[in-house]
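What the coordinates show
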Amino acid sequence: MYSSKEIRNLTAVELGRKIADKEITSVQATKAYLEQIENTEKSINAYITVMAEKALERADFIDKKIADGEIWSNLMGVPMAIKDVLCMKDTLTSCGSKILGNFYPTYTSTAVENLLNAGVVVLGKTNMDEFAMGSTTESSYFGATKNPWDLNRVPGGSSGGSAAAVAANSCAAALGTDTGGSIRQPASFCGITGIKPTYGRVSRYGQIAYGSSLDQIGPMAKDITDCAAILEIISGHDCKDSTSADRDDTDFTSSLENNVKGMKIGVPKDYFLDGIDEDVKTNVLAAAEKFRELGAEVEYFDLGMVKYAIPAYYIIACAEASSNLERFDGVKYGYRTPKFTDLNDMYKKTRSEGFGDEVKRRIMLGSFVLSSGYFDAYYVKALRVKALIKQAFDSAFEKYDIILSPVAPTTALKIGESLSDPIKMYLGDVYTVSINLTGIPAVSLPCGYDKDGLPIGLQLMAQTFNEKTAIKAAYTFEQSFKENLRHSPMYE
Amino acid sequence: MSKEYEAVIGLEVHVELNTKTKIFCGCSTAFGGSPNINVCPVCSGMPGSLPVLNRAVVDKAISIGLATNCNITRNSKFDRKNYFYPDNPQNYQISQLYYPICRDGKIEIETENGKKFVRIHEMHMEEDAGKLIHNTFTGETYVDFNRSGVPLVEIVSEPDMRSADEVLAYLDKLRLTVQYLNASDCKLNEGSMRVDVNMSLREKGTEKLGTRTETKNLNSFKAIKRCIENEFERQADILDAGEKVVQETRRWDDDKGYSYTMRSKEDAQDYRYFPDPDLVPLIIDDEWLARIKASQPELRDEKKERYAREYGIPEYDIGLITEYKELANIFEDGVNSGADPKKVSNWIIGETLRLAKDFETDIADISFSGKNLASLIKLLDEKKINNTIAKQVFEHVFKENVNPVEYAEKNNLIIKTDTGALAEMVKKAVAANPKAVADMKAGKKKAMGAIVGFVMKEMKGKCDPAEVNKLVMEELAKL
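Residues numbered from 1 in each chain as written. Chains lettered and ligands numbered in written order. Predicted model: local features only at pLDDT ≥ 70, side-chain atom pairs only at ≥ 80, totals over all residues. Heavy atoms only, no water.

Along the backbone of chain B there are 15 helices and 16 strands. Over its C-alpha atoms chain B spans a radius of gyration of 30 Å, topping by over 25% the 23 Å that the globule rule assigns to 479 residues. Expressed along its principal axes, the backbone C-alpha trace of chain B runs to roughly 95 × 65 × 55 Å. Sorting the 479 residues of chain B into buried and exposed places 53% on the buried side. Total accessible area on chain B stands at roughly 23,400 Å², and carbon and sulfur atoms take up 50% of it. Across chain B, the 69 positively charged side chains and the 78 negatively charged ones have centroids separated by 5 Å. (Helix = DSSP H or I, 4+ residues; strand = E, 2+ residues; numbered from the N terminus. Rg over C-alpha atoms; globule rule 2.2 N^0.38 Å. Buried < 20%, exposed > 50% of the residue type's maximum accessible area, 1.4 Å probe, protein only. Areas by Shrake-Rupley, 256 points an atom, 1.4 Å probe, with all protein chains shown as cover. Lys, Arg positive; Asp, Glu negative; His and termini not counted. Charge placed at Lys NZ, Arg CZ, Asp CG, Glu CD.)

Structure, rendered in structure tokens:
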């Protein structure tokens, strides 16, 4: 008999194995995590919705299936959390916004559907920056999420709820989404592991869109093994998403190998110039040296185009967002202003009252860059920059299997610090947005801790659809880092 | 003295394509039905839903493009047109601005002034919007998304037309082409074909284009003609007064017979077009294009030539028959079943069109088989029925597509070939109509009718009137 604590100390894959072996039931596991949610939610506010009753019902159903000898996947019966940007039928899916504060979708997103078909139990929906716009999870209509390492700090964002829940051990693993770093940066701030897969790897159907050409769903978990297992389940072609890739190289767990001998790793020198914390720099460069020790060939090089990534990203993402968010108008679903005089008044008030400041800022920015007279100067130019950035990465990947960098220039910021200065927050995305602009995959995993004991993330990027290379590198590093790995004070 | 003006007209024509499912989801395109029955997360603009292109829409668009001599864009794309309106669930319409599927076409039209080409600037695919339903009692408005996502093509002509007649000739040609391709039923009154008229005037003999207006809400060919004539007068009056035509969008009111301003250029919306990131570029490869080319049906002009060549029927008949693909199909079916082309043609342009008018049947909805018409003609040729009965039977062919032989036999309409019985009846008739016989003898030829009529009535029409006439004459001669 395992105690709740012992259950929670297992990784998702370990727990899945014990559930399959009937050593632990899914109900026990679900109760263990619901208990931890109870313990931690008041302090961290990682969840928008906790589905205790539904989760237990589902776990009981899964246990019966297992008793009948059915095994659907290596994560069958494992309790997970889902970022509130992913639609789940008849379950509040708010996107962290007032405007969807009463929205219960009629259908379930493909990624979640894939998890459900694998027998995963959903514990609840996690908090996020409103419409995934932000790097702190402070812009949520449902209040900020706190970082389990230090409750005065943000968990990062926009998948801050998922990251905090994994770090506080109030779920075995979670799904996040990443448009400009929204999986990797909170993973970094919360000392957990996350993967932003190649664009097209995971179906976006049912993911409430922010920047459609950049959005990608991915796993956030206790280690790279869990991430690989989850990615294996959620990836694959979906006839409901024209941009999803039809490929069969999705056996990601097969690349969990402790071996980087001969692997070529490039470290962009121009990522370590200005604005980077000394502790972050030291630890990430130490990680690079660790790879050399482990047998990889490590080289420092100039990537180029670095300073253009953020402006290009914000133009493209906001342009798409300004259009994607037009459907929230008070007509069909979601919030509608109670008092209005005519249609335009209804639109104006609904959207003014329903959206938060950061969302409005990005809608205005996006509408501006798409408007006639400015379209070529901003949007078209940003697309050109995007193509140049892609070229820079392509030529780097001709030489290297992996590009190694920090995830963010800092560790977790203090709550409120970036609200007053959005530009500063945007600049924090310098190492992550290029990955979305180029569509390549990247892993974020812990590689050290700063002077305050806050986690520092390491980013390992690979060429398009080469997740396996990044997973292998991450697994190898993780093995070497085992002794140093720490958990947040709330973890146990 | 007022100057002489020339109208310069270009058209934007929306055609609703008749695919089974919508352009970006699997919902049915069926017209009518209760509100919001043919909807899904995609066509109702639910958060997180994504469009997936229906390739049958592309097939039909390419097919129209080829038939109108357009270049097919081999690397086409979809763009978002952003505007807020409740019938538009995403508040953007997926359309094509930068890389429309077809470009640079032309079609030949014919009017009293002869033949000419009207160039097609471009043709693009897009999705239709839903419909608003206003409750005037409560002041509430509801939205029905059944039509949302129904595929449309918008065909934009160059300003090559100079009169209402040319416009109507162009539209008729376009309608027939699209109907022949089975791409749409093109009904203006039901909205499956919608026409916006762009028009300006310039002094005759000058080249420079004047300021144009765009007029919407034209629901019939008649309305289009009236609108163009009305707009000509309106703009001419403005120009004669030395004033300037305002560039604007106008709305035609067919009841009142005039148009009024909907929105001026200053109110023109900025649609903030940009490529839709949810859809991948549409690549039309050689194979795809070849497949559509191979399956292009015979179009009207080709048919007209062939009918004249192969069947030798009058040009007038050919014109009427090929006016509707459905009639042409019946005609060819009938001729292929062995009937005489001219006889088939007569039944189509005569009785068929008459019945269509009587029963208020849309000609496009006529669906009896030419084979049945051919067997009716055969019954007549073999004198197994007479003309009157043939018309009766044909009515059932028209309405229920009955097999004329089976129908005539079942209803006992076949002419009795038993001449003995007919001769008996003629004798009886002569005997029963002494006055008519006397009149006949006295030279009143009209009296013949009474005797023949008696026979026809007694025989319930199942005899050949010519045959009866002959027998009556013979009988009278005996007296």
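As a further point, take the overall build of chain A. Across its full length, chain A carries 16 helices and 11 strands. A globule of 492 residues ought to have a C-alpha radius of gyration of about 23 Å, and chain A, at 21 Å, matches this closely. In terms of overall dimensions, chain A has C-alpha extents of about 65 × 55 × 45 Å along its principal axes. Residues counted as buried form 65% of the 492 residues belonging to chain A. Considering only contacts within chain A whose residues lie at least 6 apart along the sequence, 75% involve residues at least 24 apart. Accessible area for chain A stands at about 17,000 Å²; split by element, carbon and sulfur atoms hold 50% of it. Treating the 53 positive side-chain charges of chain A as one cloud and the 63 negative ones as another, the clouds have centres 3 Å apart. (Contact = heavy atoms within 4.5 Å.)

Let us look at the sheet that holds strand E4 (residues 79-82) of chain B. Taken together, the three strands give an open sheet; going across it, the order is E5-E4-E15 (chain B), and neighbouring strands pair in antiparallel fashion. Among the strands making up the open sheet, the edge pair consists of strand E5 (92-95) and strand E15 (274-275) of chain B. Sheet topology note: the E4 of chain B/E15 of chain B ladder contains two bridges and is antiparallel. Looking at the pairing, Arg80 of chain B lines up with Phe274 of chain B of E15 of chain B. Along the sheet, helix H10 (residues 306-324) of chain A makes contact with E4, E5 and E15 of chain B, crossing E4 of chain B at roughly 60 degrees. (Pairing = 2+ DSSP bridges. Axes fitted to C-alpha atoms, helices over the stretch in contact; angles between N-to-C directions.)

So, about the nonpolar core. Among the nonpolar cores identified, the biggest contains 272 residues, and Phe131, Leu175 and Phe291 of chain A together with Tyr170 of chain B are the most heavily contacted of them. Here the element with the most residues in this core is H10 of chain A; it accounts for 12 residues. Counting contributing residues per domain, this core is built from domain 1 (10-199 + 257-288) and domain 2 (298-410) of chain B, each supplying no fewer than three. If near-sequence neighbours (up to four positions away) are discounted, Phe131 of chain A is found in contact with Cys95, Ser97, Ile99, Leu100, Ile208, Tyr210, Leu325, Phe328, Phe355 and Val359 of chain A. Ranked by size, the runner-up nonpolar core spans 20 residues in total, among them Ala429, Met448, Met459 and Val468 of chain B. (Core = buried A, V, L, I, M, F, W, Y, C linked by side-chain atoms within 4.5 Å. Domains from an automatic or database assignment.)

Attention now goes to the packing of aromatic side chains. All names here are of chain A. Per the counting criterion, the structure on display carries 34 aromatic pairs over all chains. Relative to Tyr431, the ring of Tyr271 lies with its centre 4.9 Å away and its plane at 45 degrees, an arrangement referred to as tilted. Remark: Tyr431 occurs in the loop between helix H14 (422-427) and helix H15 (433-438) and Tyr271 occurs in the loop between strand E7 (264-268) and helix H9 (278-293); sequence separation between them is 160 residues. Here the two residues Tyr271 and Tyr431 agree in accessibility, since each one is buried. An aromatic cluster is defined as three or more aromatic residues linked by ring pairs; in this entry it consists of Phe103, Phe131, Phe328, Tyr333 and Phe355. The lysine or arginine in question, Arg247, covers the ring of Phe465, its NZ or CZ lying 4.1 Å from the ring centre. (Phe/Tyr/Trp six-rings, centres within 6.5 Å; stacked < 30°, edge-to-face > 60°. Lys NZ or Arg CZ within 6 Å of the ring centre and 35° of its normal.)

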